[in-house]
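Chain by chain, the residues:
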Amino acid sequence: MTFHGHGFLPLELPDVAPLTSSVYSGFGFRSTQDSGLLYHRASPVGPCEVSLQQGHVTLRFVTTEVKTPGGFADGSPHYVAFYSNTTGVWLYVDDQLQQMKPHQGPPPRPQPQPQPEGPHRLLLGGLGASNTIRNFSGCITNVFVQRLMGPQRVLDLQQNVGGINVSSGCAPAAPGTQTPVQAPRGLQATVAQKVSRHTRQPTQDSACTPPRPLGTIHGTYQFGGPLSSYLEFTAVLAPFENW
């Protein structure tokens, strides 16, 4: 989704763990705006929100704040992942640990069988009411919030509950920007693979490379790209009898 600096996108959060339990979440973003609100989830114990502050990715988890040492408002795609349990809060960007900090104030009380909070919403790109943090301008993709039940998958941003000044899709990255080559794994590789925004391309074996470029043959198809690509024919002609 593309945000234009004066809107927001609300999403329902079904069957998610409360912030007093173990929480894992992540999302991709791209922007050249150095300050703006990316992610906001309200809770009775305090907010969970991610913002850009002078280019630094900053996570405020209830009363604990962690941030990246460097800036990421460079127009390149990045992936943010964060995790919280009774020990503290971890913040990752592009699969690199940026900061870990123990909880400030009373730590969350452990819950052997946490019950889902609900109904709750996640706000992307800003808040409906006026606030001290600017609304976000840029692109947000592959939003993931770990559930207590059901399949673990990214949220469908098209199934929102009334986005304001938000448009579908993301414009291509500007020329010269680079996409990180490693898919974000965060703390839970199995879960994070489901929210990866990268397509792994197979390496080309030199033994399978023709010694010279092949000419185009009429009526043929060339396959390449992701391993999952294929061509399906809905009808096949009868074979020739004189073959």
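The following refers to the structure shown. Quick caveat, the model's predicted, so the values are computed rather than measured.

**Concerning the side chain of Asn-135**
Part 1 of the reasoning: Examined against the element boundaries, Asn-135 turns out to sit in the loop between β10 (120-124) and β11 (137-145).
Part 2 of the reasoning: Of note is the side chain of Asn-135, whose polar atom sits 3.0 Å from the backbone oxygen of Gly-7.
Part 3 of the reasoning: Look past the residues within four positions of Asn-135 in its chain and what remains in contact with it is Gly-5, His-6, Gly-7, Gln-33, Gly-36, Leu-37, Gly-125, Gly-126 and Leu-127.

**A closer look at the nonpolar core**
One recurring pattern in soluble globular proteins is that nonpolar side chains are buried together.
Part 1 of the reasoning: Judged by nonpolar contacts, the single largest core of 34 residues is most densely connected at Phe-27, Phe-29, Leu-38, Tyr-39, Leu-59, Leu-124 and Ile-140.
Part 2 of the reasoning: Looking at this core element by element, the count peaks at 4 residues for strand β1 (residues 2-13).
Part 3 of the reasoning: Not counting chain neighbours up to four residues away, the residues in contact with Tyr-39 comprise Ser-25, Phe-27, Cys-48, Glu-49, Val-50, Phe-82, Leu-122, Leu-123, Leu-124 and Val-145.
Part 4 of the reasoning: Listed in part, the 7 residues of the second largest apolar core include Tyr-83, Trp-90, Tyr-92 and Phe-144.

**Topic: the state of the cysteines**
Part 1 of the reasoning: Evaluation of the coordinates by the stated rule reveals 1 disulfide.
Part 2 of the reasoning: The disulfide partner of Cys-139 is Cys-170, and the gap between their sulfur atoms is 1.6 Å. With the S-S dihedral at roughly 70 degrees, the linkage between Cys-139 and Cys-170 falls on the right-handed side. One end of the pair, Cys-139, is in strand β11; the other, Cys-170, is in the loop between β12 (164-167) and α1 (189-192), with 31 residues separating them in the sequence.
Part 3 of the reasoning: Relative accessible area serves as the criterion here: at 6%, Cys-139 is assigned to the buried category.
Part 4 of the reasoning: The exposure class of Cys-170 is partly exposed, given its relative accessible area of 32%.

Basis of the calculations
- Residues numbered from 1 in each chain as written.
- Predicted model: local features only at pLDDT ≥ 70, side-chain atom pairs only at ≥ 80, totals over all residues.
- Heavy atoms only, no water.
- Helix = DSSP H or I, 4+ residues; strand = E, 2+ residues; numbered from the N terminus.
- Polar contact = N/O pair within 3.5 Å; in protein donor to acceptor, adjacent residues only side chain to side chain.
- Contact = heavy atoms within 4.5 Å.
- Core = buried A, V, L, I, M, F, W, Y, C linked by side-chain atoms within 4.5 Å.
- Buried < 20%, exposed > 50% of the residue type's maximum accessible area, 1.4 Å probe, protein only.
- Disulfide = S-S within 2.5 Å.

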